[in-house]
Structures are given as structure tokens and as C-alpha cells.
Amino acid sequence: MAGSTLHDGSTPLNDAARQTSDDAHGYYIAGEPLVDPVAPTGPIADRWTTRRFENRLVNPSNRRKLDVIIVGTGLAGGAAAATLGEAGYNVKSFCYQDSPRRAHSIAAQGGINAAKNYKEDGDSVFRLFYDTVKGGDYRSRESNVYRLAEVSTNIIDQCVAQGVPFAREYGGLLDNRSFGGVQVSRTFYARGQTGQQLLLGAYQAMERQVAAGTVTQYTRHEMLELIVKDGVARGIIARNLMTGEVETHLADAVVLASGGYGNVFFLSTNAMGCNVTATWRAHRKGAYMANPSFTQIHPTCIPVSGEHQSKLTLMSESLRNDGRIWVPKKAEDCDKDPRDIAEADRDYYLERIYPSFGNLVPRDIASRQAKNMCDEGRGVGPMVGDFRRGVYLDFSDAIERMGEDTVREKYGNLFDMYERITGENPYQVPMRIYPAVHYVMGGLWVDYHLQSSIPGLFVTGEANFSDHGANRLGASALMQGLADGYFVLPNTIRDYLADGPFTKITEDDEAVVEARRSVEKRIDTFLSINGSRSADSYHRELGHIMWEFCGMERSEEGLRKAIDMIRELKKDFWTDLKVLGTADSLNQSLEKAGRVADFIELGELMCIDALNRRESCGGHFRVESQTDEGEALRHDEEFAYVAAWEFGGEDGSPVLHKEDLIYTAIEMKQRSYK
Amino acid sequence: MNLTLKIWRQENPSAKGGIKTYQVDDVDEDMSFLEMLDSLNEQLNTAGEEPVAFDHDCREGICGSCSLMINGQAHGPEVTTTCQLHMRSFSDGDTITIEPWRSDAFPVIKDLVTDRSAFDRIIQAGGYISANTGSAPEANSVPAPRDKATRAFNVATCIGCGACVAACPNGSASLFMGAKITHLGELPQGQPERDSRVVSMVAQHDHEGFGGCTNIGECTAACPKEIPLDVISQLNKDLRTAIKHGY
């Protein structure tokens, strides 16, 4: 298939605007180029099969002597724990929640993609692969994405066998729907609760292994440090959140499946507890962080209602299939009852700007245009700060066309959710929506085996960076989490574990003692600063900075300003933080303080990464890099690389390692949805 | 609106707890119940009193973490989770009593936080279908009748919050358990382990100290996901069948 392309009407790559400045000069140190040491070669369709065969096996009797720690129990972590447990390894699973079933994968609504081609509508592994690379704006790794598309079909088989109640047709076979602007129906779903059902499947499989004795679960435990001995990951330091006890857990390999860091923006659709601590602690110990600024902003969330807001709620973007998005043409209409605004005074801006895709343009475009409308002063809903941050999503045409009952059948649960949160009836008044941070494509750098730059440390699911490039397609997060957990990691980690069992290390080893001491010292510091502000208040302030300067639209000037502001905030945090309570009991303020401290450091790196990447690609829009029509403009000759950042020390600058992205199976094109 | 809150405070599992009274002012009706508690906590932190501990995570009604008895009702006055309850359900001047889940099988860890790990152990006892990764047949090789698959889905929406237990005068977890037994029992893949599943889950349930079901129905009334009471009938039916089969 090498060199082949699909005909989809994309315009050829625009390389006229090539530029060579380095906006982040002075903020980082240039490091050696990076290559994936285990990147496969050969025809793309054979790479994974070949690699699975080449990877060494572990004798069943040796498996029980090998300890694997898995941090996180979402789709990627839960599925991996179950699978490695079934294989006979000795697994220790950690989560901060009170049960593995509560990991935030549970909140995913829409569905999961798989190249089953049950609809016989032209889908294939290659097409799913192609769509994912193109959707990611050519900033993901070809081999990894092909593998993802390839194992997608096994995931559906596995989940059905576990009893995941997917939607079915009258004949009892599985139903599919089209999702996220693709032209084939490859999305499997369980009403609007697909993530919940998939997670419960993985959770139940994992609990079965707990009963079998292969998996030990540590709930209400938070990983606070990675143990690295002679450059190799050998365990973690975790805090028992109920008793406050700082515990040492040693292992032959460590897997981080700890999810994404969207909460760096304070307001996001992530759960309140989602955090970057596990991956950030690993980063500080030597794991590279890749493309940290690649953030996905989801266009259909319920807008902020006031300063008290603690989180944002997503509504499935399937709403865009039938709802029409508009704002008033005139700013003076913005506080009117929308039903009183005449048709001629409404601007259906997506239909106007993108006549062929209309309301179904990809997430990044829909989000950015909503922001543009609000910035022009044509937003609707309550004033938040100086602007109204909302646009209408109107179902009145759909209700007229299909009848209220049909709309209720299709979207009833979403309408109910909207009404519960806003107190407004969307059957009568248009909904208000606004973009919100939803997912991060960035994460710890991993090779084809999902191993980080620290040997023995593997990273799966949203916590790694590898598969979605600069933008993730709808219904692909669940696919990646389960692909990594059930099928990829178990087949790659065995090649590493085949060298084991490794020399045992003990709790009095210098590396262990040092890691433990640093955790205890940090906890003591949080409790003894005794300033005046809560960790939560710092988190809110950081979120404002990130949303304003490193959100939907980024500029050189804004990012420089943000870096200065974050550095100030960090100083203030470490001198004026106030955490009450004690270290030896359940202390949610203390937990929060540790997470916010890490978010602050991450926020700075995200801004540096965004500053370095002077191009617009996927969810990353740089104002300095756009077409005459205001659309995103990529610069492949300069930026077709993964930016992998090495920690530069407490007061040092991060070191940038570039991994070139090379496409052999498909050709890079500039996206166009006009 | 201004509110008086009477909140259960308990330092640790063995401490004796008690109700403390707090005043919160300027509560916005668009706030969620938990955001109202956030603002109380910010107020307490400033005043030098340790914030109130409560479980919460997704704040969109799906993870099942939040778990408050509000004026004696599990999750409060609406049919939803605590996190999806909004302050417009209350009025200026109200006094609101907030307690942790009430059940011996859910011991208090601190303030409003309880230990619900008994639910995990009930699932460990048999709340799954044994299908090792990689062993699955082609997904469409076993059709599942749509009505049965729909019923399976409807009861599989249980979020494991424990409101059913907290609401039940007997502290029974029959609704939680019945939902899982019905979900897996309605699917063709769930048949091979159907008998053993119900027997072991019920044994674990009783071992954990949950009470028996006497068909009062408080559980289903409190359930934020509206799991119907007939899952308990299904549970009993499956148990009878299993016993008939010699389990």
C-alpha cells in the first residue's frame, strides 16, 4: 500500500508559507533528535503481526514471579490489569477513586470506532487508519495508528463476549452509527453511555482476576513518585488516601494508565480528580513529555453559568447531526429571547462559512468559530467576565421536520441533562453551547511498544501521546484505551519482561529511600506553608491563564505572557498556600495541593511547547499561522515532528528532542472542510 | 439564597461523629449542590476550620462517587445524583441536613465519605462473564434478541453509588445485585455462569452485612438511574432456578 492515497477532495499541501523562526528560543535547550528504537519496518499491514511474533514470550511458570504495577483503572488500565492477570502475571492495580469502576472513561458518551464494515459501506482497516491520521492533521505515528485500526475489530469481539450491551438491530445483530463527520458508519454504541458500559466490562474482567488472586487492587491510593533504579523503573511511592500512609510498592515493570491532564485548565469535562501527577512525576524522573500543548476542545458543552462553576458537562456531538448552530447577526440582539429573533437576523455561521460540511465540521473548527463569534460580541447567555460565552444549538427545525417524539427518542437523555443543569427546556428554547477542554492528545512519549524513555515504564491510553496526532476523532478515545489495554501492551510488555525476573530491589535501597523521602518532604511542605490561599484558588487562577492564552487560539505574545504569569503563580503557590488538616488521615485539600503543584509546572511546559510550534494544526491554532481566509495553516517541512520534552531540572530549561514523522503509506495533505 | 447546613462531621472511622451547623450565604440557584459545598469549604479553609470531606468525581451523574443523604433522602429531593442536583431545588432560608450513606456495610471513613468496597467484592464473587482477552468469537456470530439486549442495557446503567442501600430500611443491596444479575442474565453470553453467579453474589452480599429484601421499594425510588424493582424479582427467580439445578 506504500505511497497510495485516497481521493477525498483535499487540497494539496501548501508549503508557500514556510517560515523558520523559533518563537521559543531562550525557553528551552535543543536536544539530540529522537528516533523510536523499536519502530517496525516492512509493509504497513504486516508490521504488527510480524512484531507480535518477534516479541519474546514469557514462560507461564515465570509469569507469576513477575510483578507489574498499573496506575489507573480506566479503559487502558483496567483492560491491561485484567489481561495481564489472565496471563498469570502478578498485577498490582492502583486508583485514586474508591472503586476501579469510577475511572473517568465511564463518562464517555458517544461510541467506539471499529473497522468491522458491518454496513458494507466501504469501511476497512486502511480507511479507519487513513481517517485517523488525517483527522489528527498528520502529527501522529503511522505505524501506531495502523495497529490501532487493525486491533479495533478485536475490541468489539472482546467486549461483546464480556456482556457489554451494545445497541442492536431488530435481528439481534450489532447496530452502528456514523459519528464525528466521517462518511461511514463504524461506531458501536450503548445509547449515550458507551464509555460506562465498556468500562464496566473491563472492570468486571479485572474484578474476576482479583478474585482469582492475580490482581491486587489498591483503591483510594494515589501514586506520588516513580522509583527509578539505575535508570530503570522499579516501582512507585503511593499514598493511601484513607490513612495517609506513604507506601512503597516495588515491581519489575510499571504501567501508567492514569489518563489525561485536561484539568490543567481548571474547567474541563474531566472528572474533578483527574490529574497529571503520575505522569508528571515520571516526567521529572526522566520520561519525555510529548506534544503537551495538543489539547482537544469539544464544541458542544453546556456553557459556564458563573464564577462558582467547578466543571463543564459535555453533550454528545451527535446533537450536531440535527441541531443548527447560530448567533444573532446584530450584537444588540444578544440578550433577547432567541425565539423573538427573526430568521433573517440569525447567522447560521457554520453553514455560511462551510457550506459543504455545515454544522458537522470537525471539533476544532466548530470550537474556534464559536469563540470567534463570541469574541465579536455576538455570543449569547449570561455575561461571564466581559463576554457572553455561548452560541445557540437550535432544534426547532428538527422538531418541525421529525416531530418532537422522534427528537425525544434520539436525544431525550441529552435534553434532560441539559434541562437539569440549566433549568431551561430545550424543546422550547434553543440550547446554549460553548466549547470546553475535553481531551489531551499530548502525553508521555512512548515507542511502538508503549515504553517511555525510562526502560520498564510503559504508558497507555490518554496518558501517552501516540495515536491521535494534533486532533482526535470522535469515538476514538475508547478505541485507543481498549486497544492499548487488551491487545497492544500485553503483547509488547512481554518482550521486556522476558528478561526478568529482575534482581529484586528492597525498600532500603537508596533509590527507594530517596523517592519516599521526597514524597514525605513534599507533604510536610504543603502542610507547613500556612499561607492564606486554598489550592483550589490557585487551580482556578492557573485555569484562567491556560484558557486565555493556551486554549483555542494561541499567539506568540500571549504565550510569553502566560509563561511569566505561571512562573509568578508558582512562586506565590509555594509561599502562600494554606492546607489544613493532617498528613495521617483522609485530607482532600492535601491531595488537591499536590495535583495543583504539578499542574502549574505542566502549564508552563505546555506554553513553551505551544510557543515552539509556530504552526496551526489540529486543535492547535496559532494566530501567526493561518490562510488568507482565516483557516489553520500547517507547516509540514518545519513541524512534522513530535516534540518530546526532557525535564531540565528544578530551575533549568526543558530539553527538546524532535522525532521526525515520516509517512510512507499515505501522503500528507492540508485539511479542507470548505 | 441563604442557607443553614447541618452536616455530619466525623474525624475518622473510630471517632464519634456529630452534626455541626454552618451558614452559607449568597448561594446561586444555578450552582450544583456540590458547588455549594465547595463554597462552604472555601469559607471554612479561610476561617481555619478543616473543610468537609465528601466523595465526588465526574460531577455529571455517571461515576457514582457522590453519595449524600440530603434531608434524609439519598441524593436529595430529585431523581438524580447529588452532583446533578442544583440549588434551584431549594429556597432561601432553608435548613438542609447532610449526612453520609446510612448502612453498616458502608462504614464512615471521614465526615461524609463512606467505604463502599463491599460492592467491589460482590462483583468479584461473580458479577462478570468469564471471557479471557483474545478468546472471543466474532461479535456478530451470536445474535442477541433486541428486547433482551435493551433490558440488559437498561439495568446495566447502574452506577454503583449505593443509594439503594442507603435508602433501604434493611440496608439491602438487592437492587444493585439484581441489576447486575439481570444485565448478564439477559444476554446469551451470560448463560453458562448464570446459576453460579447468582448463588455466589448473594452469599457475598449476605457476608458483607447487607440486609435482606422485604419489597419495600425505597431503593428504586432513590435510584438516580431508575433501576426498576423487577430486577429483584429476577434475582429471586434466578436463585430459585439455580437451587433447583442443584447449586
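Residue numbers run consecutively from 1 along every chain, following the written order of its sequence. Working convention: letters from A go to chains and numbers from 1 go to ligands, in the order in which they are written. Under the rules for a predicted model, residues below a pLDDT of 70 receive no local features and side-chain atom pairs below 80 are neither given nor counted, while totals for whole chains, interfaces and linings still include all residues.

### Structural notes on the overall build of chain A
Helix and strand definitions here come from DSSP, where helices need a minimum of 4 consecutive H or I residues and strands a minimum of 2 consecutive E residues; each element is numbered from the N-terminal end. Regarding its fold elements, chain A presents 17 helices and 22 strands. For a compact globule the rule gives 2.2 Å times the number of residues to the power 0.38, and the radius of gyration it is set against comes from C-alpha atoms. For 674 residues, the compact-globule estimate of 2.2 N^0.38 gives 26 Å, and chain A sits close to it at 24 Å. By the burial criterion, 59% of the 674 residues in chain A qualify as buried. Restricting to contacts in chain A with at least 6 residues of sequence separation, those with at least 24 account for 74%. Think of it as a crowd count around each C-beta: if 20 or more other C-beta atoms lie within 10 Å the residue is buried, if 12 or fewer it is exposed, and in between it is partly exposed, with C-beta placed from the backbone throughout. Two residues qualify as a contact pair if the distance between their C-beta atoms, derived from the backbone, is within 7 Å.

### Focus: the overall build of chain B
Across its full length, chain B holds eight helices and seven strands. Here the C-alpha coordinates of chain B stretch approximately 60 × 35 × 35 Å along the principal axes. Expressed as a percentage of the 247 residues in chain B, the buried residues total 53%. Long-range pairs, those at least 24 residues apart, make up 71% of the contacts in chain B with a sequence separation of at least 6.

### Some remarks on the interface of chain B and chain A
With 63 residues of chain B in contact, the opposing surface of chain A contributes 62 residues. When contributions to the side of chain B that touches chain A are tallied by element, the ones reaching two or more residues are helix 1 (33-47), strand 6 (108-110), helix 2 (117-124), helix 3 (146-156) and helix 5 (174-185) of chain B. Polarity classes work like this: nonpolar for Ala, Val, Leu, Ile, Met, Phe, Trp, Tyr, Cys and Pro, charged for Asp, Glu, Lys and Arg, and polar for all others, with Gly in that last group. Among the residues making up the side of chain B that touches chain A, the classes are represented as 26 nonpolar, 21 polar and 16 charged.

### A closer look at the sheet that holds strand 11 (residues 289-290) of chain A
Residue and element names in this part refer to chain A. DSSP bridges decide pairing: two strands pair if at least two such bridges lie between them. Read across the sheet, five strands follow the order 1-22-21-11-19 without closing on themselves; strand pairing throughout is mixed. With partners counted over all chains shown, the strands left at the sheet margins are strand 1 (29-30) and strand 19 (443-444), one partner each. The pairing of strand 1 with strand 22 (residues 655-660) spans two bridges and is parallel. Residue pairing in the sheet places Ala30 in a bridge with Leu656 of strand 22.

### Thoughts on unusual backbone geometry
In this model, Gly500 of chain A is joined to Pro501 of chain A through a cis peptide bond whose omega is -5°. Tracing the chain through its elements places Pro501 of chain A in the loop between helix 12 (477-497) and helix 13 (510-529). Positive phi outside glycine occurs at Asn291 of chain A, with the angle close to 45°. Here Asn291 of chain A is to be found in the loop between strand 11 and strand 12 (295-301). Of note, Glu226 of chain B is a non-glycine position whose phi angle comes to about 55°, a positive value. Within the secondary structure, Glu226 of chain B sits in the loop between helix 7 (218-222) and helix 8 (230-244).

### Looking at the pairing of strand 5 (residues 95-99) of chain B
For a regular strand, the rule is simple: side chains alternate between the two faces of the sheet. Residues and elements named next belong to chain B. One ladder, built from four bridges, connects strand 1 (residues 3-9) with strand 5; its direction is parallel. Across the sheet, Leu5 pairs through a bridge with Ile96, a residue of strand 5. For strand 3 (residues 69-70) and strand 5, the ladder comprises two bridges, and the chain directions are antiparallel. The residue of strand 5 that forms the bridge with Ile70 is Ile98.

### Some words on the domain arrangement of chain B
All names here are of chain B. Under the domain assignment used here, chain B contains domain 1 (3-110) and domain 2 (116-130 + 143-244). Using C-alpha coordinates to define each centre, domain 1 is positioned 28 Å away from domain 2. Residue-level contacts link 18 residues of domain 1 with 17 residues of domain 2. Looking at the side of domain 1 that touches domain 2 residue by residue, the class counts come to eight nonpolar, eight polar and two charged. Domain delimitation follows an automatic or database domain assignment.

### Some details on the environment of Arg613 of chain A
Residue and element names in this part refer to chain A. Within the secondary structure layout, Arg613 lies in the loop between helix 16 (588-612) and helix 17 (636-639). Given 25 C-beta atoms within 10 Å, Arg613 falls into the buried group. Through-space distance from the C-alpha of Arg613 to that of Ala643 is 8.7 Å; in sequence the pair is 30 residues apart. In contact with Arg613, not counting residues within four places along its chain, are Ser293, His620, Phe639 and Ala643.

### Structural notes on the environment of Gly64 of chain B
Looking at the secondary structure, you find Gly64 of chain B in the loop between helix 1 and strand 3. For Gly64 of chain B, a count of 28 C-beta atoms within 10 Å puts it in the buried group. As for Gly64 of chain B and Asn132 of chain B, which are separated by 68 residues in sequence, their C-alpha atoms are 27 Å apart. With residues up to four places along the chain from it excluded, the contact list for Gly64 of chain B reads Arg102 of chain A together with Ile159, Gly160 and Cys161 of chain B.

### Considerations on the confidence of the model for chain B
A residue-level look at chain B finds 100% of positions with pLDDT of 70 or above and a mean pLDDT of 97. Across the interfaces of the predicted complex, the ipTM metric reaches 0.98, alongside a pTM of 0.96. Each residue gets a pLDDT score, which is the predictor's confidence in that residue and runs from 0 to 100.

### Re the environment of Gly461 of chain A
Residue and element names in this part refer to chain A. Within the secondary structure, Gly461 sits in the loop between strand 20 (457-459) and helix 12. Placed 203 residues apart in sequence, Gly461 and Ser258 show a C-alpha to C-alpha distance of 8.0 Å. Gly461 has contacts with Gly74, Leu75, Ala76, Gly77, Ala257, Gly259, Gln480, Gly481, Asp484 and Gly485, leaving out every residue within four places of it along the chain.

### Overview of the packing of helix 5 of chain B against helix 8 of chain B
All names here are of chain B. Axis lines are fitted through C-alpha atoms, for helices just across the contact stretch, and the angle between N-to-C directions can take any value from 0 to 180 degrees. Relative to each other, helix 5 and helix 8 sit at 70°, their axes nearing to 8 Å. For the element pair helix 5 / helix 8, the angle class is roughly perpendicular. Crossing geometry of helix 5 relative to helix 8 is assigned as left-handed. The segment helix 5 lies against helix 8, with Ser174, Leu175, Met177, Gly178, Ala179, Ile181, Thr182 and Gly185 engaging Val231, Ile232, Gln234, Leu235 and Asp238. Each residue belonging to the contact of helix 5 with helix 8 can be placed in one class, and the counts come to seven nonpolar, five polar and one charged. The labels follow the angle: roughly parallel below 35 degrees, roughly antiparallel above 145, roughly perpendicular from 65 to 115, and oblique for the rest. When the near helix sits turned anticlockwise from the far one by under a right angle, the crossing is termed left-handed; a clockwise turn instead gives a right-handed crossing.

### A few points about the confidence of the model for chain A
Residues with a pLDDT of 70 or more make up 97% of chain A, whose mean pLDDT is 93. Across residues 1-19 of chain A the pLDDT falls below 50, and counting only partners more than four positions away or on other chains, this stretch makes 32 contacts in the model.

### Side note on the nonpolar core
The nonpolar core criterion groups buried Ala, Val, Leu, Ile, Met, Phe, Trp, Tyr and Cys residues into a set whenever they are joined through C-beta atoms within 7 Å. Grouped together as the largest cluster of nonpolar side chains are 281 residues, with contacts concentrated most on Val255, Leu256, Leu444 and Cys607 of chain A together with Cys164 of chain B. Sorting elements by how many residues they give to this core places helix 16 of chain A first, with 13 residues. Domain assignment of the residues forming this core places at least three in each of domain 1 (3-110) and domain 2 (116-130 + 143-244) of chain B.

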